[in-house]
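# Summary of structural features
Spelled out from the first residue to the last, the chains are:
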Amino acid sequence: MMPRIGQELEEGFFVVKQVVRLSKVIIRFAGDSGDGMQMTGDRFTSETAGLGNDLATLPDFPAEIRAPQGTLAGVSAFQLHFADHDIMTPGDSPDVLVAMNPAALKANLGDLPLGKELIVNTDEFTKRNLDKVGYATNPLDDDSLEGYHVHPVALTSMTVAALSDIDISKKDAERAKNMFALGMLCWLYSRPYESTIDFLNGKFAKRPQILAANIAAFEAGWSFGETTEDFAVQYEINPAQMPTGTYRNITGNPALAYGLIAASVQSGRPLFLGAYPITPASDILHELSKHKEFGVITMQAEDEIAGIGAALGASYGGALGVTTTSGPGIALKSETIGLAVALELPLIIVDVQRGGPSTGLPTKTEQSDLLLAMFGRNGESPVPVIAPKSPSDCFDAALEAARIAITYRTPVFLLSDGYLANGSEPWQVPDATTFATIDPDFATAPNHLDANGNPEFWPYLRDPVTGARPWAIPGTKSLEHRIGGIEKANGSGAISYDPDNHDTMTRLRQSKIDGIADTIPALEVDDPTGDARVLILGWGSTFGPIGAACRLVRSQGFTIASTHIRHINPFPSNLGAILASYDKVIVPEMNLGQLSMLLRAKYLVDIIGYNQVRGMPFKSEELADAILEVIQTQGAPA
Amino acid sequence: MMPRIGQELEEGFFVVKQVVRLSKVIIRFAGDSGDGMQMTGDRFTSETAGLGNDLATLPDFPAEIRAPQGTLAGVSAFQLHFADHDIMTPGDSPDVLVAMNPAALKANLGDLPLGKELIVNTDEFTKRNLDKVGYATNPLDDDSLEGYHVHPVALTSMTVAALSDIDISKKDAERAKNMFALGMLCWLYSRPYESTIDFLNGKFAKRPQILAANIAAFEAGWSFGETTEDFAVQYEINPAQMPTGTYRNITGNPALAYGLIAASVQSGRPLFLGAYPITPASDILHELSKHKEFGVITMQAEDEIAGIGAALGASYGGALGVTTTSGPGIALKSETIGLAVALELPLIIVDVQRGGPSTGLPTKTEQSDLLLAMFGRNGESPVPVIAPKSPSDCFDAALEAARIAITYRTPVFLLSDGYLANGSEPWQVPDATTFATIDPDFATAPNHLDANGNPEFWPYLRDPVTGARPWAIPGTKSLEHRIGGIEKANGSGAISYDPDNHDTMTRLRQSKIDGIADTIPALEVDDPTGDARVLILGWGSTFGPIGAACRLVRSQGFTIASTHIRHINPFPSNLGAILASYDKVIVPEMNLGQLSMLLRAKYLVDIIGYNQVRGMPFKSEELADAILEVIQTQGAPA
Amino acid sequence: MSTFPSLSLVPVATSPQSAKDFKSDQEVRWCPGCGDYAILAAVQGFLPELGIERENIVFVSGIGCSSRFPYYLNTYGMHSIHGRAPAIATGLATTRPDLSVWVITGDGDALSIGGNHLIHALRRNVNLKILLFNNRIYGLTKGQYSPTSEQGKITKSTPEGSLDHSFNPVSLALGAEATFVARTIDSDRKHLQGVLAAAAAHEGTALVEIYQNCNIFNDNAWEPLKDPDTRGDLLIRLEQGEPIRFGKEQEKGVMRTPDGHLHVVHVAEVGTDALIRHDAHATDPGLAFALSRLSDVYSLENTPIGVFRDVQRPSYDRLVREQVASIQAKRGTGDLQGLLRGHDTWNVN
Amino acid sequence: MSTFPSLSLVPVATSPQSAKDFKSDQEVRWCPGCGDYAILAAVQGFLPELGIERENIVFVSGIGCSSRFPYYLNTYGMHSIHGRAPAIATGLATTRPDLSVWVITGDGDALSIGGNHLIHALRRNVNLKILLFNNRIYGLTKGQYSPTSEQGKITKSTPEGSLDHSFNPVSLALGAEATFVARTIDSDRKHLQGVLAAAAAHEGTALVEIYQNCNIFNDNAWEPLKDPDTRGDLLIRLEQGEPIRFGKEQEKGVMRTPDGHLHVVHVAEVGTDALIRHDAHATDPGLAFALSRLSDVYSLENTPIGVFRDVQRPSYDRLVREQVASIQAKRGTGDLQGLLRGHDTWNVN
Ligand SMILES: Cc1ncc(C[n+]2csc(CCOP(=O)(O)OP(=O)(O)O)c2C)c(N)n1
Ligand SMILES: Cc1ncc(C[n+]2csc(CCOP(=O)(O)OP(=O)(O)O)c2C)c(N)n1
Ligand code: SF4
Ligand code: SF4
Ligand SMILES: [Mg+2]
Ligand SMILES: [Mg+2]
């Protein structure tokens, strides 16, 4: 039971701390991979979500599982941005940095603006730990931290002390220090703690000692925050105004998994996932494997090729075949995607993009697989490409991918990225009854007459509107047919080496994909003043930073129009007109200009690319500066 | 011993046939896969080459090995264009069609213009054979061949008759009918026959009966041509004017193989080919495996991934690593190409393009892997791309690929295609002493000092000019180092997850490839009159048809400028300027516009694409019409 | 229900079928004389035995001459890509218990590029019947050596002779945890159909190696095993439960010598009881493996044909279905709204 | 020349080396307590034994925690891509007889995605030493089951238990024509180094399976084989030429029962002579294969460690070199101009 402000602790002692109201805070927890920073961040996040603040999070962990303690390689961080108004990013730089050891301090101090709060666990600043990261002298003692509000806290020892009468090993006691830190910050930012207690009860139900320890540590942290002189103020952040409804916090990978399950329900097709684990896509496999009650089948294949192969086989049998991977895995799936293009069967290929080339930066984010998705196959092999714009949007994007795949009998690329996959935001839980159904529209009867007027089945006789071929699944009487990767005669689907037929089929496959544009909503532009001359256009996870940047630009009295495309192949029909109606178009991408290239080629517009390949989401400030530069150097209206 | 024109055969009988001189002839041999049409064509070709005519050939065979006799699926054809002047293509349509059976007639008659010569083997026009291909009545009897100069010849029976006193089976005797046809045409076009006799002597040395049969059939065909009333005239075609020198006839695959061997000799690096068989690339593997005396190692790997993996391993060890494949194989190699980009090691990837997508049209030609070569890898993964323009040019292109790969420590794409691979042309044998050497320039000593001033080796310390990293091969003392696919710190090459470093390295890899342009000769434009307003630009095997089309256009008094690019990534430095200096730019491609897209994106020029995806080279007439249309619809000069 | 346990979930044929019901309208495009014709005829002749509806049979193949097979059968069929058929068929068989799924592959398709999928299909024991047409050559690409070609083979890609030691498909399969492995010959229709029946009856992955002649690029590769004068001496016909004997007069037999290895002996010298009895149902694959090592790669001496191994192990697809079913029994079929809601929500009003 | 026949073409060390000569300057990034540390120390301690120059040693790895290994050795090294190390190393070893080439891989890297390259490297018998770190889990991707995980395993990707029957790496290798196969344990440095020495001495591909502990995602997977109280009962230490005995008091042994299968028996009951003697050099891999089947996937009972098989067969790279050499002996080293000229030329003057 914890004290409240103003409450009488004991005879005459009142909790008397000043309470300050803030509109937004950005906190970064940083520590050793072993310190449980991700879990701490997650907990603080759900407390915050529960309070109704808007929020966005950015985990940042190393590719190594658990590099040796105290090394820079082992530093794991979690940044949370929460506010009383709607926000779009995890924030450029923290207002508060919690550094659990010297490595965490060294790795993160650079991002902390002067004058901001710095909470350090002094116990870890031992000679040995300082040496590990090359601190000649202890930054807590020398003047290197001048200019920050440093709060030195003996986190470890206080935690151990607080747990003295619980019988667990010293090691286990020290492990609980992240809960001490969490409790401290929960107090500092007036977060409730019930759900954390519930969470711990659930997590450690089978280990009562550990449970007791964690709860005790949490409460100790809370009381410390409250009683220490060092924290003169306690902060409050009001709930944000959001549309009424039920909300939850969600990261991109589960949202995407839910979208696939919803697609399975809406289409009545069993969901089959053929996947091979790879960071940062694995969690989709993990999530789906938890929901077999939906008839979901998850197969961990021997490799990426088998994963997509099995998914394609399932699609051929009438299931909703899906494969999930990241960049290096896509390269391996290319040949089978080409087969799916030739077979014209529904298939969803999820690429959670990460830093490349090759193994690259497995745990970092990037948008550099766009052209791979567009062109990474032999021959003329068009595939629709769509990209979600935020963690929760992964749900809608997955549903949309399924709609296109099933309606048009085509493989579809769903391009997520590492930031969307692991970043989180509040999500208004949608009403499942409002989802459109997706009709698999299986072929059930012959669709053609042979020379002698007998009914026969032509697997490549296309729907006049969509250009889709019939999907006749095995088990359907009298529709027996053979399909394959060799070019097929238009209509009958028999093997054909005829030159003109190949030209025809190549163009038919292309126009089928191009025709999807007819079912894509017109692209909308956000231009509050209506007189902007510069347009900023984005795709995928840059949505948040771009939106935040536009606000900054507008807050400085400039006009900027912005739009964001979900459908990259085909483009929305009105995209050309939109591009043509602005003097300048800026396209920020976490690559060297891949969407820019597609736009330049198609619309001959001199796109201004703003490109970073840093494995990190854009900082909205930098983006705003880039926009302003363009606005200011902008010549007279043409 | 064969009679000559004017010679007295016997008392009072003189060979009296009229001789007509032609400037060019296009012959197409067509028959069953079992009829040896390819061999017949090859023989006629080398006789023709020996005569000093310029020539170009186009084999066209089915994907099946030997479909059942007499079926359309089994038809195999070989077209030869030869002339007394330099020519650029195998010709649009034949002047003479030799049809060995009804299937061959049905499959090829459509390409034969009215009024042209048609030689048919009447023996094969049986009811059964006619039924097989759906001829209700015998085209030789009805009027369906009116309008052609039909020469009905009982090829099979005359062959069998001619071999009556050689003791071989009827089956073997009939097999020799292609030699009868060859002899007949050799007479008709005054081809010498010595080299064919030599060839047969060599080929059937171990089987004297078969040898005798083939020679007898050949001579019988010759004499028949000479004596039959049906051939009223004999044709002669003068040698073409060509630069003095020694010539040979060559197809693209061997030329490419020779280029690789030359590169190995010029660089002093052993050639290692890691390959998995695939049409139409297999012959490069076959050719290289014949030349182990050059220290060439050819490994037939378990799959494409292992093929390129082994090649990369060999490159790591200091060899010239090469892998050869076609479209579907490239998809599988993508991941390893990405690794090669990250490791920055020399590697040559040969893609002999064929019809796609997927298995597509294995024996047909196409240019549809260009964007795959450019972008088919995860992450920002730039790779140089170069393409030969003719069969013999495959030699020079391979040498150039090796120069770039070794100098810049990078994988290089060499994009050939099915037409170049199997098509042939005369080649002036180059003087090997004139080839430039390629310096592997191995690292031999440390290149950096560590913090304590001790020499150490930094595998990613780049050459200031080329941007290439040092190539330190195992076995080199004190240069021990580790490299891999994870992002590396600029310079030291140690694993680095630093955001700025990743951005830097990504741009360094890109600029290294862009910098290759400095060593690429300026692109030249062919514009005889110098006042053309329309430019036609091509790449790869369209060189011949484009050149021929330009001649047609110019011969009609129009002006057209043309240029052809070998280096597609990076582009020649002056390409932009060239494009800008014409009112219109036409880019013909055997795809849906892949180079066009790259040009439009980079130079914002409204390229006019002329695209066919028919698995066949362009017909120069069609191309000429397309050019004329553009020239005529061309608005007033801007 | 079909008389084949492995097809218990497949609808039975309502009317009797004959071979011609399984002929497709496509013209067969193999070279005249190719062993594939014999196999095609044998399969078309066998399929009616399954007693199931034609539309519930699927043939999935890779790439190669052999992989053209599905085009010629009037069932559902997919001519996929090189080496990947087992993976594709795994997805199909796992989601469709009501189908009889067959894979057609070649020695290159299955053992070279497709090796990984083959061994994983075998260990998973998916309900697939894999027919491996082994002609010891790459046919469709016009004659390069394959993983089953004898070392030293002269081919287009090895003018001086190949250097790779070859695979023994039966040994490889047994090392990969196969539950059913058999070998037969294209020209021996009776034996071939017998093996197909055994494979079809097996629940799980069945690998059937079929010695097939490529008369264009590797003619007579198996001739000694077909030629009436020689085959008797070379072929060991494995019969469940029988002592392993062979030879023109059954004069030879297989016996385990004290050193623990199998050897071919003269029955006259050792007596019948000394011979080992064939037991394809033994859980321990040791004996089957030892038998697979008897044959000589070059001379083809001591080549066993028939069923090497045939043991029960729940198939992967059955386990998948049972797991889903048991979870649905526990949790009921999924509630989408509940899933989306999750546990940690808050309301904004 | 090195005392190891397989290294006959590798330059010998000019000065004596010690373990620390093989430590690189990179900080080791495995989790504290990971079995990989023990293996690293053992390898660093062993390498000096090779007696060759450090710069002539190359370690090639795939992707996985285990595959980080090369970074920590001061030799040449390549951290390649997932599953492809054997292919890459094949190209290197085939072109560079003066190198000692090692492959480091994991149970996922080698047996899941890399399965095809592994079995083909084994059949080709390239001069590679492959160290397979088997922790029965995917470590680097944070704990999914692997092809060696016991069926029913609960992991991130199989919350209800895995359904795939697992591979036995030794059986698989033997089925793939391996010439050298051994098994050892991370924590038993002496045994590990002994096996490394045997592998290094072997000319051709040597596969060494190393039982390795992942204390984060699959802790104590092999504990029973390490725990002094239990290991004696479970471990069968294979010794060339010796009768196969084990157990705390060597009370158990391996014998072949009349049914032809191997069984664990009580020595007291059957006597020593009834036991089979281990012969890793036997040409017939039948016995080695039978031994590989003894162990229980779950209980780890009857787990043989040591060298299962070690036979001579010319290595692929040697055959390649010999073929090139013999051709050059016949034709001389190539004449480029002659090649370009060919046979069928004409002159234009
Ligand atoms: C990815 C890919 N690689 C290579 C090829 C070329 N290819 C087609 S079939 C084949 C091998 C055929 O041999 P096999 O599997 O034994 O079948 P067979 O033709 O002998 O029946 C090859 C290498 C291909 N089609 N796709
Ligand atoms: C092509 C590709 N697919 C998947 C991955 C992701 N991945 C990295 S390591 C690994 C498996 C690691 O398991 P194992 O080989 O047993 O090595 P361990 O980490 O256990 O030592 C996977 C799936 C990858 N890096 N590349
Ligand atoms: S090439 Fe051989 S395998 Fe292929 S169809 Fe012809 S004979 Fe049969
Ligand atoms: S995750 Fe497991 S295998 Fe990987 S380093 Fe940690 S302990 Fe070792
Ligand atoms: Mg074959
Ligand atoms: Mg592992």
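Details of the structure are given in the entry above.
Since the structure is predicted, the reported quantities are computational estimates derived from the model, not experimental observations.

Along its length, chain A carries 20 helices and 26 strands. Here chain A has a C-alpha radius of gyration of 28 Å; the compact-globule value for 638 residues is 26 Å, and the two agree. Once the C-alpha set of chain A is aligned to its principal axes, its extents read approximately 105 × 65 × 50 Å. The buried share among the 638 residues of chain A stands at 67%. Across chain A, the fraction of contacts at a sequence separation of at least 24, relative to all contacts at a separation of at least 6, is 76%. Of the roughly 20,300 Å² that chain A leaves accessible, carbon and sulfur atoms contribute 53%.

Okay, the site of ligand 1 next. Taken together, 22 residues form the shell around ligand 1, and within it E304 of chain B together with C65, S66, D107 and D109 of chain C come nearest. The local environment of ligand 1 is shared, drawing residues from chains A, B and C. D109 of chain C has a polar backbone atom sitting 2.7 Å from an oxygen atom of ligand 1. With respect to ligand 1, the backbone of L140 of chain C contributes an N or O atom lying 3.0 Å from an oxygen atom. Considered on its own, ligand 1 offers 590 Å² of accessible surface; in the complex 98% of this is hidden by protein. For the shell around ligand 1, the element with the highest residue contribution is helix α3 (residues 107-113) of chain C, accounting for four residues. Looking at the shell around ligand 1, its residues break down into ten nonpolar, eight polar and four charged.

Glancing now at the coordination of the magnesium ion (ligand 5). All names here are of chain C. Bound to the magnesium ion (ligand 5) are the protein donor atoms D107 (OD), N135 (OD1) and I137 (O), situated 2.0 to 2.2 Å from the metal. Mapped onto the sequence, the donors of the magnesium ion (ligand 5) take the spacing D-x27-N-x1-I. With D107 in helix α3 and N135 in the loop between β4 (129-134) and α5 (169-175), this residue pair connects regions lying 28 residues apart in the sequence. The same class applies to D107 as to N135, namely buried.

In this section: the nonpolar core. In a soluble, globular protein the nonpolar side chains are often hidden away together inside. Among the nonpolar cores identified, the biggest contains 332 residues, and I568, L595 and L598 of chain A together with I568, L595, L598 and L599 of chain B are the most heavily contacted of them. The residues touching L598 of chain A, leaving out its near neighbours within four places in the chain, are L370, L371, M374, F375, I568 and F571 of chain A together with M597 of chain B.

Each partner contributes to the interface: chain A provides 69 residues, whereas chain C provides 59 residues. For the pair chain A and chain C, the two sides together bury roughly 5,200 Å², of which 62% comes from carbon and sulfur. Across the chain A-chain C interface, the total number found is five salt bridges. Between K477 of chain A and E53 of chain C there is a salt bridge, with its nearest N and O atoms 3.1 Å apart. Taken together, chain A and chain C are joined by 30 residue pairs in polar contact (both at pLDDT 80 or more). Of all the elements, helix α11 (residues 304-316) of chain A adds the most residues to the side of chain A that touches chain C, at seven residues.

A few words now on the pairing of strand β15 (residues 347-353) of chain A. Residue and element names in this part refer to chain A. With seven of its seven residues buried, β15 lies for the most part within the structure. With burial as the criterion, each face of β15 is covered, one bearing L347, I349, D351 and Q353 and the other bearing I348, V350 and V352. The pairing of strand β14 (residues 320-325) with β15 spans four bridges and is parallel. Of the residues in β15, the one forming a bridge with T325 is D351. Here β15 pairs with strand β17 (residues 411-417) via seven bridges, running parallel. Looking at β17, one finds that L347 is bridged to P411.

Taken together, I65 of chain A together with W30, C31, C34, C65, N135, Q212, C214, N215, I216 and F217 of chain D make up all the residues around ligand 4. Class assignment of the residues belonging to the shell around ligand 4 gives a composition of eight nonpolar, three polar and no charged.

All names here are of chain A. Structurally, L461 is set in the loop between β20 (455-456) and β21 (482-484). Considering only alpha carbons, one finds L461 and P68, 393 residues apart in sequence, at a separation of 61 Å. With residues near it in sequence (within four places) discarded, L461 still touches N447, H448, A468, R469, P470 and G491.

Much of the literature gives interface size as the accessible area that the parts lose upon coming together. The interface is formed by 59 residues belonging to chain D together with 70 residues belonging to chain B. Summing both sides of the interface, chain D and chain B together bury roughly 5,200 Å²; the carbon and sulfur share of this comes to 62%. Of all residues in chain D, Y76, L340 and W346 of chain D bury the most surface against chain B, accounting for 16% of the area lost on that side. Taken together, the connections running from chain D to chain B amount to five salt bridges. K477 of chain B is the partner of E55 of chain D in a salt bridge, and the nearest nitrogen-oxygen pair spans 2.9 Å. Across the chain D-chain B interface, the total number found is 30 residue pairs in polar contact (both at pLDDT 80 or more). Of all the elements in the fold, those that place two or more residues in the side of chain D that touches chain B are β2 (76-79), α2 (85-95), α4 (115-124), α11 (316-331), α12 (336-341) and β12 (345-348) of chain D. Bridging between strand β11 (residues 245-251) of chain B and β12 of chain D involves four bridges; their strand directions are antiparallel. Residue R248 of chain B lies in a different strand from β12 of chain D, and its bridge partner there is T345 of chain D.

What follows concerns helix α1 (residues 37-50) of chain B. Residue and element names in this part refer to chain B. Taking 1.5 Å per residue, 14 residues should reach 20 Å; α1 reaches 20 Å between its end C-alpha atoms and fits that length. Extensive coverage of α1 is indicated by the burial of eleven of its 14 residues. Residues of α1 that are buried: M37, M39, T40, G41, R43, F44, T45, S46, E47, T48 and A49. With its phi angle positive at about 85°, G52 sits one or two positions after the end of α1.

Looking at the element boundaries, R313 of chain D is found in the loop between β11 (303-310) and α11. The charged side chain of R313 of chain D is buried without a salt bridge, its nearest counter-charge being E177 of chain D at 4.7 Å. Within the structure, the side chain of R313 of chain D is placed 2.6 Å from the backbone oxygen of R123 of chain D, a separation counted as a polar contact. Once you skip the residues sitting within four places of it in the chain, R313 of chain D turns out to touch H165 of chain C together with L122, R123, R124, N125, E177, T179 and E203 of chain D.

The next subject is the coordination of the magnesium ion (ligand 6). Residue and element names in this part refer to chain D. The protein atoms donating to the magnesium ion (ligand 6) are D107 (OD), N135 (OD1) and I137 (O), with metal-donor distances spanning 2.0 to 2.2 Å. Linear spacing of the donor residues for the magnesium ion (ligand 6) on their chain is D-x27-N-x1-I. Owing to a relative accessible area of 2%, D107 belongs among the buried residues under this scheme.

With that settled, consider the packing of helix α17 (residues 543-555) of chain B against helix α20 (residues 620-633) of chain B. Residues and elements named next belong to chain B. The geometry of α17 relative to α20 is characterised by a closest axis approach of 8 Å and an angle of 55° between their N-to-C directions. As far as their axial angle goes, α20 and α17 are oblique. When you trace α17 past α20, the crossing you get is right-handed. Of the residues in α20, those touching α17 at P545, I546, A548, A549, L552 and V553 are S620, E621, L623, A624, I627, L628 and I631. Among the residues making up the contact of α17 with α20, the classes are represented as eleven nonpolar, one polar and one charged.

Another point: the environment of L579 of chain B. All names here are of chain B. Mapped onto the fold, L579 is located in helix α18 (residues 575-580). Each C-alpha atom, one on L579 and one on N454, is 53 Å from the other, the two residues being 125 residues apart in sequence. If near-sequence neighbours (up to four positions away) are discounted, L579 is found in contact with L535, L537, V585, L599, Y603 and V605.

Reading guide: rules and limits
- Residues numbered from 1 in each chain as written.
- Chains lettered and ligands numbered in written order.
- Predicted model: local features only at pLDDT ≥ 70, side-chain atom pairs only at ≥ 80, totals over all residues.
- Heavy atoms only, no water.
- Helix = DSSP H or I, 4+ residues; strand = E, 2+ residues; numbered from the N terminus.
- Rg over C-alpha atoms; globule rule 2.2 N^0.38 Å.
- Buried < 20%, exposed > 50% of the residue type's maximum accessible area, 1.4 Å probe, protein only.
- Contact = heavy atoms within 4.5 Å.
- Areas by Shrake-Rupley, 256 points an atom, 1.4 Å probe, with all protein chains shown as cover.
- Near = heavy atom within 4 Å.
- Polar contact = N/O pair within 3.5 Å; in protein donor to acceptor, adjacent residues only side chain to side chain.
- Nonpolar A, V, L, I, M, F, W, Y, C, P; charged D, E, K, R; others polar.
- Donors = N, O, S within 2.8 Å, 3.2 Å for Na, K, Ca; no water.
- Core = buried A, V, L, I, M, F, W, Y, C linked by side-chain atoms within 4.5 Å.
- Buried area = accessible area lost by both parts, 1.4 Å probe.
- Salt bridge = Lys/Arg side-chain N within 4 Å of Asp/Glu carboxyl O.
- Pairing = 2+ DSSP bridges.
- Expected span 1.5 Å × (residues − 1).
- Lys, Arg positive; Asp, Glu negative; His and termini not counted.
- Axes fitted to C-alpha atoms, helices over the stretch in contact; angles between N-to-C directions.
- Parallel < 35°, antiparallel > 145°, perpendicular 65-115°, else oblique.
- Left-handed = near helix turned anticlockwise from the far one by under 90°.

Worth remembering: the numbers are spatial, not functional.
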